[in-house]
Amino acid sequence: MAKQNMIEIKNLVKRFGDFKAVDDISLSVKEGEIFGILGPNGAGKTTTINVVLGLLKPTSGSVKIDDLDAHANPERIKQMLGLMTQETVVEGDLTAWDNLELFAELYHVPKGEIPKRVKRALEDAELTDKAYVRAGTFSGGMKRRLELVKSMIQEPKVLILDEPTTGLDVQNRHKLWERIKELNQKGITIILTTQYLEEADALCDRLAIIDHGKIKAIGTVSELKSKVGKGNILEIIVKQSETNDALRILKKFGVNGSVKVDRVVGNIEKEPTKTFNKISNELEKQKISVLSISMHLPTLDDVFITLTGSKIRDEAGGSDDAARMRAWRGR
Ligand SMILES: Nc1ncnc2c1ncn2[C@@H]1O[C@H](COP(=O)(O)OP(=O)(O)OP(=O)(O)O)[C@@H](O)[C@H]1O
Ligand SMILES: [Mg+2]
């Protein structure tokens, strides 16, 4: 049996005054998949997520979760969705145990169940030995692990992770990826936003690339990579004044090149190593001052540049997540 759609977003538009933060987005997330929304700061990721959560009313379009309208059934939707926001919002004055217990109560977990769930959550987060320590003293990675198990305490069908690893170091990021994969293997549908290409590549079954509120492409990672061509990507950085010379040399060896951001880029489909060497030698022969020349298989970075004409800007972003979490909990 084909898997059903757990989340279905249709022609979603969200305006703030005259500004369209989300511009006609349609996508569906299948039961059991990890779906990624990849985009730079301000792309509209959090806005989209907030509409899915029912925290923001769409200007037009619709969102359904397991066939229920996200706005018509707030209480049921709340039980179905677990949320981990972009920034850490654990209560620093409470212990890890109390943080989880409080959340379980807010989600109406049956009283008799709570100690069992909290204990298991602490084990999952590898925080059992810190159960009675104030969460405010935890490291960034520990706080994020606590957040993740907290978002799972009511045993939701769908887990929503808004930039779950932003601000974490590589080691903690990889640890969290493992936890996210484990949860998914247990059958949880996951929708996550990220501005890290590597994260999208490592975790997502399918993803949507968004920029300026619009979807640029949707597919599996390999489908998206195949959009930039079959062969190897050649990248050359030369002086601005010599880009046309470099493009001419590429053409001479049968490679169609173009200028993308600060570099000359081409797709070598046949005999990559040989062609690469020929181009490299010719550049040298013609005394083009090459700052760097390299070749690689297509990455999501290449996909992003091809689709949007710019590199993904990766400075850390943020919004008022504590207020959002309060609104989400309180309704
Ligand atoms: N309440 C609001 N009022 C006005 N503009 C808003 C509001 N919320 C978001 N925006 C704008 O909508 C755009 C999309 O914002 P959003 O927070 O969805 O981006 P994002 O993709 O989550 O970015 P980041 O990676 O920085 O978190 C931005 O230009 C932002 O300034
Ligand atoms: Mg955001």
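Calculation rules
Going along each chain's sequence as written, the residues are numbered from 1 onward. Working convention: letters from A go to chains and numbers from 1 go to ligands, in the order in which they are written. The predicted nature of this model means local features are confined to residues of pLDDT at least 70 and side-chain atom pairs, given and counted, to a pLDDT of 80 or more, with totals for whole chains, interfaces and linings taken over all residues. Under the DSSP-based scheme used, a helix requires at least four consecutive residues in state H or I and a strand at least two consecutive residues in state E, with every element numbered from the N terminus. Buried, partly exposed and exposed are defined by the number of other C-beta atoms within 10 Å of a residue's own C-beta, namely 20 or more, between the two limits, and 12 or fewer respectively, with C-beta atoms placed from the backbone. We call two residues in contact when their backbone-placed C-beta atoms lie within 7 Å. The rule for pairing is simple: two strands pair if DSSP sees at least two bridges between them. Orientation is described by axes fitted as lines to C-alpha atoms, over the contacting stretch for helices, and by angles from 0 to 180 degrees between their N-to-C directions. Multiply 1.5 Å by the residue count of a helix minus one, and that product is the helix's expected span. Only buried Ala, Val, Leu, Ile, Met, Phe, Trp, Tyr and Cys residues enter a nonpolar core, and they are joined through C-beta atoms within 7 Å. Where each domain starts and ends follows an automatic or database-derived domain assignment. Orientation is classified from the angle alone, with under 35 degrees giving roughly parallel, over 145 giving roughly antiparallel, 65 to 115 giving roughly perpendicular, and any other angle giving oblique. Helix crossings fall into two classes, left-handed where the near helix is turned counterclockwise from the far one by less than a right angle and right-handed where it is turned clockwise. The classification used treats Ala, Val, Leu, Ile, Met, Phe, Trp, Tyr, Cys and Pro as nonpolar, Asp, Glu, Lys and Arg as charged, and all other residues, Gly among them, as polar.

### Section: the environment of Val-22
Okay, step 1: Mapped onto the secondary structure, Val-22 falls in strand S2 (residues 19-30).
Okay, step 2: Residue class for Val-22 comes out buried when judged on the 27 C-beta atoms lying within 10 Å of it.
Okay, step 3: Sequence spacing of Val-22 and Leu-146 is 124 residues, and the spatial spacing of their C-alpha atoms is 31 Å.
Okay, step 4: Setting aside chain neighbours within four positions, we find Val-22 in contact with Leu-12, Val-13, Lys-14, Gly-44, Thr-47, Thr-48 and Gly-213.

### Let's talk about the sheet that holds strand S4 (residues 60-65)
Adjacent strands of a sheet form backbone hydrogen bonds with each other and so pair up, either parallel or antiparallel.
Okay, step 1: Ordered in space as S2-S1-S4-S5, the four strands form an open sheet in which the pairing is antiparallel. Sheet topology places S2 and strand S5 (68-69) at the edges, where each strand pairs with a single neighbour.
Okay, step 2: Strand direction decides the pairing type here: strand S1 (residues 5-16) and S2, joined by nine bridges, are antiparallel. Within the sheet, the bridge partner assigned to Phe-16 lies in S2 and is Phe-19.
Okay, step 3: Each of S1, S2 and S4 is contacted by helix H1 (residues 45-52), which is oriented at about 120° to S1, the strand it contacts most.

### Structural notes on the environment of Ile-9
Okay, step 1: In this fold, Ile-9 is placed in strand S1.
Okay, step 2: Overall, the presence of 25 C-beta atoms within 10 Å leaves Ile-9 in the buried class.
Okay, step 3: Through-space distance from the C-alpha of Ile-9 to that of Thr-48 is 9.3 Å; in sequence the pair is 39 residues apart.
Okay, step 4: The contacts of Ile-9, once residues within four sequence positions are left out, are Ile-25, Ser-26, Leu-27 and Val-63.

### Quick word on helix H10 (residues 272-285)
Okay, step 1: Across its 14 residues, H10 extends 20 Å between first and last C-alpha, which sits within 8% of the 20 Å expected from 1.5 Å per residue.
Okay, step 2: On its buried face, H10 sits against helix H9 (243-252), strand S13 (263-268) and strand S14 (290-296).
Okay, step 3: Lys-287 occupies a position one or two residues after H10 and carries a positive phi of about 55°.

### Side note on the nonpolar core
Okay, step 1: Among the nonpolar cores identified, the biggest contains 85 residues, and Leu-100, Ile-160, Ile-190 and Leu-207 are the most heavily contacted of them.
Okay, step 2: Residues from two domains meet in this core; each of domain 1 (5-225 + 314-330) and domain 2 (229-297) gives at least three.
Okay, step 3: Leave out the neighbours within four places in its chain, and Leu-100 touches Val-118, Ala-121, Val-149, Lys-150 and Ile-153.

### What about the packing of helix H3 (residues 96-106) against helix H5 (residues 140-151)?
Okay, step 1: For the pair H3 and H5, interaxial distance at closest approach is 10 Å and the crossing angle is 25°. In terms of orientation, H3 and H5 fall into the roughly parallel class. Crossing geometry of H3 relative to H5 is assigned as right-handed. The residues of H5 that touch H3, namely those facing Ala-96, Asn-99, Leu-100 and Phe-103, are Leu-146, Val-149 and Lys-150.
Okay, step 2: Residues belonging to the contact of H3 with H5 are distributed by class as follows: five nonpolar, one polar and one charged.

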